[in-house]
Structure formats: C-alpha cells, structure tokens
Amino acid sequence: MTFVELASGDVLYEPGDAVDWVYFPSTAVLSVITIMGDGRSVESGTVGRESVVGVLAALGSAAAFSRTVAQIPGHAIRLSSSRLRNRANESAHLRGLLLRHSLANLAQAEQSVACNALHDVRARLCRWLLMSQDRTDSDIVRLTQHYLATMVGVQRTTVTQLLADLAAEDVIRKGRGRIEILDRKRMRAGVCECYAIMQSTLERLIGDAPTLAAE
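The residue numbers shown here count from 1 along each chain, following its written sequence. Two thresholds apply to this predicted model, a pLDDT of at least 70 for residue-level local features and 80 or more for giving and counting side-chain atom pairs, whereas whole-chain, interface and lining totals are computed over all residues. Derived side-chain values reflect all non-hydrogen atoms in the structure, with water molecules and hydrogen atoms excluded from consideration.

1. Some details on the sheet that holds strand E7 (residues 74–80)
Strand order in the open sheet formed by three strands is E1-E7-E3, with antiparallel pairing between adjacent strands. Each of the sheet's edge strands pairs with one partner strand only, and the pair in question is strand E1 (2–6) and strand E3 (21–25). With direction set aside, neighbouring strand axes in the sheet form an average angle of 40°. Every residue pair with non-hydrogen atoms within 4.5 Å of one another is taken to be in contact. Fitted lines through C-alpha atoms serve as axes, helices being fitted only where they are in contact, and the angles separating the N-to-C directions of these axes extend from 0 to 180 degrees. Runs of H or I in DSSP of at least four residues are treated as helices and runs of E of at least two as strands, each being numbered from the N terminus. Its contacts with the sheet put helix H2 (residues 81–90) on E3 and E7, and the angle it makes with E7 is roughly 65°. Between any two strands, at least two bridges found by DSSP are needed for them to pair.

As structure tokens, then:
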C-alpha cells in the first residue's frame, strides 16, 4: 500500500480502462461519473474515507465502466488490484468486507438514480454539499460550480442560481472554487429523504457513515 496525493480533477479510471489499482481515500473525495454518448455526464456516487473504489473490477479482473475522478483534492491509499485479489481469495472475511463496501457504493448509486428522477434540484444540491462536507470534516467544501453541475446532473447556470439563493439566505458563502457552509442545520432541513437513507445504508452495511465530527 502506498500513499498518493490526488489533485482536483485527477482521473483514476475511464470507461474501459483496466483497473490495476484500488483507491482508499483518506482526505480526498472521489466521484464515480456516468458518461453519456453525447458527452453529458452525471455523478452516481461519492466515495470518501468511509469506503474504496475499484473493488469489484479488481476482484473480477474486469474493466472500469464509469469515470472515477478526484472531486476534492487530498490523499488516498493505493493498492495493486492483483495483490488485493490474491488476499481476498485467501480470506473469506476480507472478501466479505470488500463486498459489503461495494454493496454500499452500489446502493448509493441506485439511490442517486431515484433522487435525480424524483426530487427537486435544490434538495439534491444540498444533499451533495452535505455529503462532501461529511467526508472532509470541514465547513469549507472545495468544489467548483462545474463539478456541482455534474454531481447534480443539471446545467451550470442552474447551479449558479441555486448557490446564489442559498448565499442570499445565509446558508452558504460562495468563493472561487469553494463553498463555505454557514448553517448546516438549515441545509439539512432542505435535503430530500435520500441523505438519511444513504447514511443509514452505510451504517447497516459497513457499520459507519461519514458525518461532521461536531454534529
């Protein structure tokens, strides 16, 4: 295992890439993004210190089917897929743990699909901001409006207006490439049910869910 530093926008996998490494984020936050034929994209999962990316492909010697990028810069632990696969073949306990984490990531992706189809954009935006804050343990979320638009699956102009509305209500403070959450309680009141569902799913499958330490 080696520590690696990831910059915002670093691509770990593209669709069709061989998954030679798995990544365990520590301070970085990773995004799993589905790319459409016309170039449009939407995020289906956010992975931080609670989990890992690339496990199922590593265990099955399969290629990636989504783009995975560093959403928020930071550190991660990188491990060879072949080494992890060999150890998992030797340990039923390790294999079961890895599968539970993969199920948690899959459940998040499925919940995101339902959320994007059924819930309004503001509630989805607040959910993504809270999830990013949980994984960084900081009131300041270093995300550009371009990334937020990809995360929520809308046009950048829509995100710009929603952030302006939240700033006018003193829920957030906007800066260049950063968003400071001023009132987490009010933001939580504005999210859809998916935030709580995702947290409870993580706790049920892996025994923990990221949340702000002060909460």
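2. Observations concerning the pairing of strand E6 (residues 67–72)
Taking burial as the measure, the six residues of E6 include five buried ones, the bulk of the element. Here strand E2 (residues 11–13) pairs with E6 via two bridges, running antiparallel. Looking at E6, one finds that Tyr13 is bridged to Thr68. Where strand E4 (residues 29–35) lies against E6, five bridges are found, and the strand directions are antiparallel. Following the sheet pairing, Val32 is matched in E6 by Thr68. Burial status follows relative accessibility: with a 1.4 Å probe on protein chains alone, a residue under 20% of its type maximum counts as buried, one over 50% as exposed, and anything between as partly exposed.

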